[in-house]
Amino acid sequence: MFSEADLIRFWQLNVELQGRPILHDIDLTIRKGEVVCVVGPSGSGKTTMLRTLGGFTPPSAGRILFQGQDIRKPRQDIAIVFQDYGRALLPWRNAAKNVELAMEAMGKPKAERAPEIMRLLTMMGLGAHADKYPSQMSGGMQQRLQIARCLAQQPSMILMDEPFGALDAMTRQTLQDEVLKLVRLMGTTVFFVTHDLEEAIYLADRVIALQPNPGRIGQIFDVDLPHPRDQIATREHPTFLKLRRQLFDYVKSAEQ
């Protein structure tokens, strides 16, 4: 049963690809405005879980529901931020035109686009770079631009598949804070796949730890850390250190 606070429900979800089981009996409810991070060893089905949620990979059995409706194909209200921002952005469009692409797909009237484009670029720290092309932007700026384009879809949920994995440590931490700010300001629900256990703990309200072969939920860790989070103070918090150890031990045992 769905409550008003629930957004997503995985119900006995199974996924097979080319006859091989990838996900097995996934049962999980995600609440509105929640940040859920997914970790686990290679082969545990993290990206397949995200792709199924995005409507790109159909279930072999079971269901995945968005506010009670089956997800059978990609939806406007579920946006995806990819790791490979270089391929996600159109190199022949400047920043403003890349954001406008989502509005074109939605059929948003032209007269309403420019103010919203500038609002989103400014929100992501790109207000002064609207005329720049992706090749003229750093990796961090390109990833911000991809997030701004996703927000132009007005999504209820954003899926992120290792979105900061190719960035340097300082840029990565800055964008982690940007994600948390978006959740706070807009109430967006985030489903975030990562190999970085510290990133998962820093961002999440809950961390879903998968087991491999086939992928299944092994353990769910509640992250009882205060908000707003801070890159130094939060990472030094005793709860953070305890969770880091628990997650490390879990993933190490799951890999054996």
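For clarity, every value in this text was computed on a predicted model and none was experimentally measured.

Calculation notes
Residues numbered from 1 in each chain as written. Predicted model: local features only at pLDDT ≥ 70, side-chain atom pairs only at ≥ 80, totals over all residues. Heavy atoms only, no water. Helix = DSSP H or I, 4+ residues; strand = E, 2+ residues; numbered from the N terminus. Rg over C-alpha atoms; globule rule 2.2 N^0.38 Å. Buried < 20%, exposed > 50% of the residue type's maximum accessible area, 1.4 Å probe, protein only. Contact = heavy atoms within 4.5 Å. Axes fitted to C-alpha atoms, helices over the stretch in contact; angles between N-to-C directions. Left-handed = near helix turned anticlockwise from the far one by under 90°. Nonpolar A, V, L, I, M, F, W, Y, C, P; charged D, E, K, R; others polar. Pairing = 2+ DSSP bridges. Parallel < 35°, antiparallel > 145°, perpendicular 65-115°, else oblique. Phe/Tyr/Trp six-rings, centres within 6.5 Å; stacked < 30°, edge-to-face > 60°. UniProt positions renumbered as here; feature names shortened; annotations may be inferred.

With that settled, consider the overall build of the protein chain. Within the protein chain, the secondary structure is distributed over 9 helices and 10 strands. In terms of overall dimensions, the protein chain is globule-like: its C-alpha atoms have a radius of gyration of 18 Å, near the 18 Å expected for 256 residues. By its C-alpha atoms, the protein chain is 50 × 40 × 35 Å across when sized along the principal axes. The buried share among the 256 residues of the protein chain stands at 51%. For the protein chain, restricting intrachain contacts to residue pairs at least 6 apart in sequence, the fraction spanning at least 24 positions comes to 68%.

How two helices sit against one another is set out by the angle between their axes and by the gap between those axes. In the contact formed by helix α3 (residues 95-106) and helix α5 (residues 139-151), the axes pass within 7 Å of each other and the chain directions differ by 35 degrees. In the crossing of α3 with α5, the sense of the turn from one axis to the other is right-handed. In this structure, α3 contributes Ala95, Asn98, Val99, Leu101 and Ala102 to the contact, and α5 contributes Leu145, Ala148 and Arg149. By residue class, the composition of the contact of α3 with α5 is 6 nonpolar, 1 polar and 1 charged.

Attention now moves to the environment of Leu65. In this fold, Leu65 is placed in strand β4 (residues 61-66). Spatially, the C-alpha atom of Leu65 lies 27 Å from that of Lys108, the residues being 43 residues apart in sequence.

Read from one edge of the open sheet, 6 strands run β6-β7-β8-β3-β9-β10, paired in mixed fashion. Only two strands of the sheet have a single neighbouring strand rather than two, namely β6 (78-81) and β10 (216-222). Along the sheet, successive strands turn relative to each other by an average axial angle of 20 degrees, direction set aside. Judged from the 6 bridges that link them, strand β9 (residues 206-211) and β10 form a sheet pairing that is antiparallel. From the neighbouring strand, Gln211 faces β10, where its bridge partner is Arg216. In this fold helix α1 (residues 46-53) packs onto β3 (35-39), β6, β7 (157-161), β8 (189-193) and β9, with an angle of close to 150 degrees to the strand it touches most, β7. Sitting on the sheet, helix α9 (residues 238-255) touches β3, β9 and β10, and the angle it makes with β10 is about 170 degrees.

Quick look at the packing of helix α4 (residues 113-123) against α5 now. One way to put it is that α4 packs onto α5 with a least axis distance of 9 Å and a crossing angle of 135 degrees. Put simply, α4 runs oblique to α5. Crossing angle aside, the handedness with which α4 passes α5 is right-handed. Residue-level inspection shows Leu120, Leu121 and Met123 of α4 in contact with α5, the latter providing Leu145, Ala148 and Leu151. Along the lines of polarity and charge, the residues of the contact of α4 with α5 split into 6 nonpolar, no polar and no charged.

Looking along a regular strand, one sees the side chains alternate between the two faces of the sheet. Looking at chain direction, strand β1 (residues 6-17) and strand β2 (residues 20-31) are connected through 8 bridges and run antiparallel. Counted as the bridge partner of Leu13 is Ile26 from β2. In sequence, β1 turns back onto β2 through a hairpin of 2 residues, with Gln18 there showing a positive phi of about 55 degrees.

Burial analysis of β7 places 5 of its 5 residues in the buried class, which makes it a mostly covered element. On β7, burial covers both faces: Met157, Leu159 and Asp161 on one face and Ile158 and Met160 on the other are all buried. Summarising the sheet, β6 and β7 pair through 4 bridges and their orientation is parallel. Paired with Ala79 across the two strands is Ile158, which belongs to β7.

Along the chain, Gln142 falls in helix α5. Those residues in contact with Gln142 that lie beyond four places of it in its chain are Tyr85, Gly86, Leu89, Pro134 and Met137.

This part covers the packing of aromatic side chains. Taken as a whole, this structure holds 3 aromatic pairs when the rule is applied. Here Phe164 and Phe192 contribute two aromatic rings whose centre-to-centre distance is 5.8 Å and whose plane-to-plane angle is 55 degrees, an arrangement assigned as tilted. Of this pair, Phe164 sits in the loop between β7 and α6 (169-186) while Phe192 is found in strand β8, placing the two residues 28 residues apart along the sequence. Ring centres of Phe221 and Tyr250 lie 6.4 Å apart, and the angle between their planes is 75 degrees; this geometry places the pair in the edge-to-face category.

Next up on the list: the UniProt feature "domain: ABC transporter" (unreviewed entry) in the protein chain. Per the UniProt record, the feature "domain: ABC transporter" (unreviewed entry) sits at residues 8-237. Annotated as residues 8-237, this span is 33% helix and 27% strand, and its ends, taken at the C-alpha atoms, are 30 Å apart.

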